[in-house]
Amino acid sequence: MAKAPARKTAAPKKVAATPAPASNRDKPRDPAPYDATPEELETFYREMLLIRRFEEKAGQLYGLGLIGGFCHLYIGQEAVAVGLQSALDGDKDSVITGYRDHGHMLAYGIDPKVIMAELTGRQAGISKGKGGSMHMFSVEHKFYGGHGIVGAQVSLGTGLAFAHKYRGDGGVAMAYFGDGAANQGQVYESFNMAELWKLPIIFVIENNQYAMGTSVNRSSAEDQLYRRGESFRIPGMQVDGMDVLAVRGAAEAALEWVRAGKGPVLMELKTYRYRGHSMSDPAKYRSREEVQAVRDKSDSIEGLKKLMVEAGISEDRIKEIDKEIRQVVAEAADFAESAPEPELSELYTDVLVEQY
Amino acid sequence: MAIELKMPALSPTMEEGTLAKWLVKEGDEVKSGDILAEIETDKATMEFEAIDEGTIGQILVAEGTDNVKVGTVIATITGDGEEAAAPVAAPAPAPAEESKAAEPVPAAAPAAEKPVAAERASDPAIPAGTAMVKLTVREALRDAMAEEMRADDRVFVMGEEVAEYQGAYKVTQGLLQEFGDKRVVDTPITEYGFAGLGAGAAMGGLRPIIEFMTFNFAMQAIDHIINSAAKTNYMSGGQMRCPIVFRGPNGAASRVAAQHSQNYAPWYASVPGLIVIAPYDAADAKGLMKAAIRSEDPVVFLENELLYGRSFEVPDIADYVLPIGKARIMREGSDVTIVSYSIGVGLALEAADTLAGEGIDAEVIDLRTLRPLDTATVLESLKKTNRLVIVEEGWPVCSIASELAMVAMEQGFDDLDAPVTRVCNEDVPLPYAANLEKAALVDTPRVIAAVKAVCNRG
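Residues numbered from 1 in each chain as written. Chains lettered and ligands numbered in written order. Predicted model: local features only at pLDDT ≥ 70, side-chain atom pairs only at ≥ 80, totals over all residues.

Under an unreviewed UniProt entry, the name given to chain A is Pyruvate dehydrogenase E1 component subunit alpha, and the source organism is Sphingopyxis jiangsuensis. Turning to chain A, the UniProt annotation filed under Function (unreviewed entry) states: "The pyruvate dehydrogenase complex catalyzes the overall conversion of pyruvate to acetyl-CoA and CO(2). It contains multiple copies of three enzymatic components: pyruvate dehydrogenase (E1), dihydrolipoamide acetyltransferase (E2) and lipoamide dehydrogenase (E3)." You can read under Subunit (unreviewed entry) in the UniProt record for chain A the words "Heterodimer of an alpha and a beta chain." (UniProt positions renumbered as here; feature names shortened; annotations may be inferred.)

Where interface size is quoted, it is often the accessible area lost as the parts come together. Taken domain by domain, chain B comprises domain 1 (2–86), domain 2 (132–315) and domain 3 (328–454). Here domain 1 of chain B and domain 2 of chain B have C-alpha centroids that lie 55 Å from each other. (Domains from an automatic or database assignment.)

A word on the UniProt feature "domain: Dehydrogenase E1 component" (unreviewed entry) in chain A. In the numbering used here, UniProt assigns the feature "domain: Dehydrogenase E1 component" (unreviewed entry) to residues 47–344 of chain A. Here residues 47–344 of chain A runs as 45% helix and 12% strand, with 35 Å between its end C-alpha atoms. (Helix = DSSP H or I, 4+ residues; strand = E, 2+ residues; numbered from the N terminus.)

The next subject is the confidence of the model for chain A. When pLDDT is averaged along chain A, the result is 93, and 94% of the positions lie at 70 or above. Low pLDDT, under 50, characterises residues 5–16 of chain A; the stretch is placed with four contacts to residues that sit more than four places away or in other chains. (pLDDT = per-residue confidence, 0-100. Contact = placed C-beta atoms within 7 Å.)

It is worth spelling out the environment of Tyr 188 of chain A at this point. Summarising the element assignment, Tyr 188 of chain A is placed in helix α6 (residues 185–196). Between the alpha carbons of Tyr 188 of chain A and Phe 137 of chain A there is a distance of 25 Å; along the sequence they are 51 residues apart.

Residues and elements named next belong to chain B. Read across the sheet, four strands follow the order β5-β4-β2-β7 without closing on themselves; strand pairing throughout is antiparallel. Of all the strands in the sheet, the pair left with one neighbour each is β5 (45–49) and β7 (65–69). This sheet shows a mean twist of 40 degrees between the axes of neighbouring strands, independent of strand direction. Pairing analysis gives four bridges linking strand β2 (residues 16–22) to strand β4 (residues 35–40), with the strands arranged antiparallel. Across the sheet, residue Lys 21 finds its bridge partner in β4, namely Glu 38. (Pairing = 2+ DSSP bridges. Axes fitted to C-alpha atoms, helices over the stretch in contact; angles between N-to-C directions.)

Put into structure tokens, the structure is as follows:
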């Protein structure tokens, strides 16, 4: 049963004209949109476009049977991973996410070839072809996966934050999860411990509005997900996840808070996925018009393109980048198709680290 | 340049589908994201989106066509000249009737060669004249953790009541005082959360020891033990490790009834990627706990509440570490092999003493590690005694006992002079009433009876 839409007004009894302050607790400063240089705009554009083209290609290869199993595409959500991860310190911060993970890896500069080769199940894939779309890791980049169980990455990410604090290395963990995972119990177990121990973690809810086929309104008693940390005293922020500069700006405000030792922040990024939940989603739970309206009005890449033009970057330059990205993706796809499958002996490797 | 549009695979199992409807016609301009057609799969009707920009050239499969094989060219698009939009030269899956044959792994693929298990290390020799000290299992476990914490500052202990309360069963007694609250961490009652937190901390480079007050509560957390800890190294192609110890009491305690009395050894021992240890005496508890903490692999360390207070001799050696994966012959014998682990070893030894008085010379093996299982030691003993009895404080169905019986069938069949026998708990949830509880649990008389039966001395 669908619940009533969120009310804008308060309870039936008369309230004073000025609402009582929600809380007098200290909270992160109000974020401002990031003031990007033209070079930074180009970098964001390049990274977001790479994710989009990569994912389109992945969808195509799936259709051709070169990618199997489950394959969850990030198309539409590009500004989230790029905006947030651009604010992190790659040398000390760590990132963890769920199964919709290709975009986060690309945003971290991991070679598209080894990601695509993992999707096609080849030896050259980042997990030697043994993980697939949902299970990819790069310890070198402090990217800790790539987890297939909805919500598990939130507890695991809290553990990464615990390790940062334990070692005193100054790092912050960023744990991404979706609006669907936001209803898992372990998320709240993690919130509790993270705030209790003031762990350096940013919880990121990528609210793309549908948990598979179930909309936030049909699944969430509190559908303003950034408020979900309130009873644990975790400050929340709601951010336009279709605007990379808003995302980056909010990430900086959140990082200031966490790096100051004040404990976790919960960010809700309002975003949208254009494709189905996975490749095998018939998407009958929303209308074609709804998807098209988001693409037309709020597309993060189109929005960024406008800003680039305003910043004096020429259409030709943008076209040049488009062409480069297409080339990078085409090469990744060629590599992923031609690379050999794992040796059969790989079946038995990596089960355990040590010999007993 | 024409791009071929092929019948897409829209689910992991789809082999063919119906081209229900074209939403474009020849000559239409399309761009990425436009819906081209509706395709009915084995599960649902799906929209087929354009990926490339261009103009629809030819439509090759008319709408309403059924059983269109995945990979069949259904239309062409004339590209806008960008070379990168070139079609994917897809070798697989081949179109139409060949699609079956084009499965990525041929049905007759040669089986991969299983690696041969390396010779297992033996227990370290105990030098002559080594003093033995009497320690309870509880103290041995505490000493092992304390020693490893002194040696490696990445090691920390976390769980419910491990710090200020000094451990619900006093296993972590004194650790808070020595190591402080950074390394001995009381958690809220939140097993799923702290098991996941521990696994994440291990992935992030620490060496967590996660205590479950009992393993009954670990069922709340079993997803992290199995999906997060056990599978990570494999799924990451050996890139990401999860060196963690999950420990706590396991099995029946005393009069706490069904929800608090279960042996999870067979559950965890069935999972590739885990190490499972279940020691009996204090020396093994100490030596194996130290090995578990040092292991690069995730370890499930199953203790037993009823053994915590029992005292055993422990060699007074600095850094007493035992090999994981090695069974221990507790008593040599020639007539029958009794194999057990954890609290069952005590029953087996008692039974062997009684049987000796009746002229049956039983060999008793403590498995100690349940995964990887030291089948070599069991089979070697079977070769000598030709009779095998397995004693397990746990349910009989899908047990360590059933696994060992299978090992004996597969690898020791010719050595068997009698059917393999198991002595397990009754196949019921553990009852509360004292008489029913007693009736449900394995005991020494049942072991003796089973041994006599396989020795034809019933």
